[in-house]
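Secondary and tertiary structure notes
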Amino acid sequence: MVDNKIKELEEYAKINNIPIMQRDGIEFILEFIKEKNIQNILEIGTAIGYSAIRMASSFDNVKVVSIERDKERYLEALKNIDQLQLADKITLIFGDALDVEITDKFDLIFIDAAKAQNKKLFLKYENNLCDNGYIITDNLDFHGYVSMNIEDIGSKNIKALVRKIKDYIDFLNNNDKYETIFYKLGDGVSVSKRK
Ligand code: SAH
Ligand code: MG
């Protein structure tokens, strides 16, 4: 049942232009969860629940809290999670992650929200990271734009976004508290570990 639903969600995302994780990206995260024995995950950016469902349904002992600010997507995710009877493993929060207050600690924080907000989200939610925890960020290649010469990018909006993503990459590289590894898979994934 889960496998069929996952295929259905991938189709739905394609048709409705919902930027869910790419396959090799999510598979990388699932491997990572297994290898590091991750149990509590905070996800920022639920969309329709695809990545949360993949993480929660792949492991008996994994729980996910996920935040989404778009009402329609939040409701869609809620429906999908209920259909799979995963409500006891996935807690959805409707709201802007920059305003939400959470006190729990997590051993993995997965940032996959508005790309211009990565740094703000990192700085806010590192307070919710366990001592030995990891922060994973998605879309650091941003469809290949980040490795392009910035002057060759036609769209002003994309240019601004790429600048923000580059700033975030610099922030990660210069952050003394974390060791970050960048992976060229999916749409570009980073893994930051507390030193
Ligand atoms: N993780 C999902 C995809 C998330 S797409 C998956 O792979 O299945 C990014 C989502 O983040 C969008 O639905 C968008 O509405 C949401 N988002 C962007 N900025 C946000 C914020 N500040 N707070 C909460 N949600 C946010
Ligand atoms: Mg993403």
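A short tour of the structure in this document, coming up. (Residues numbered from 1 in each chain as written. Chains lettered and ligands numbered in written order. Predicted model: local features only at pLDDT ≥ 70, side-chain atom pairs only at ≥ 80, totals over all residues. Heavy atoms only, no water.)

All right, on to the coordination of the magnesium ion (ligand 2) then. Coordination of the magnesium ion (ligand 2) by the protein is provided by D112 (OD), D138 (OD) and N139 (OD1), with metal-donor distances spanning 2.1 to 2.2 Å. Sequence positions of the donors to the magnesium ion (ligand 2) reduce to the motif D-x25-D-N. Of this pair, D112 sits in the loop between β4 (106–111) and α5 (118–125) while D138 sits in strand β5 (residues 129–138), placing them 26 residues apart in sequence. When sorted by exposure, D112 lands in the same class as D138, which is buried. (Donors = N, O, S within 2.8 Å, 3.2 Å for Na, K, Ca; no water. Helix = DSSP H or I, 4+ residues; strand = E, 2+ residues; numbered from the N terminus. Buried < 20%, exposed > 50% of the residue type's maximum accessible area, 1.4 Å probe, protein only.)

With that out of the way, let us pick up the sheet that holds strand β6 (residues 178–183). As summarised here, the arrangement of the seven strands in space is β3-β2-β1-β4-β5-β7-β6, forming an open sheet in which the pairing is mixed. Edge positions in the open sheet fall to β3 (90–94) and β6, since each of these has one partner strand only. The average undirected angle you get between the axes of adjacent strands in this sheet is 15°. Pairing of strand β2 (residues 63–68) with β3 involves five bridges; the strand directions are parallel. If you follow E68 over to β3, its bridge partner there is F94. Contacting β1 (40–44), β2, β3 and β4, helix α3 (residues 50–58) crosses the sheet at an angle of about 170° to β1. Strand contacts of helix α4 (residues 71–83): β2 and β3, with the helix running at about 165° to β3, the strand carrying the most contacts. (Pairing = 2+ DSSP bridges. Axes fitted to C-alpha atoms, helices over the stretch in contact; angles between N-to-C directions. Contact = heavy atoms within 4.5 Å.)

Everything listed is a geometric property; what it means functionally is a separate question.
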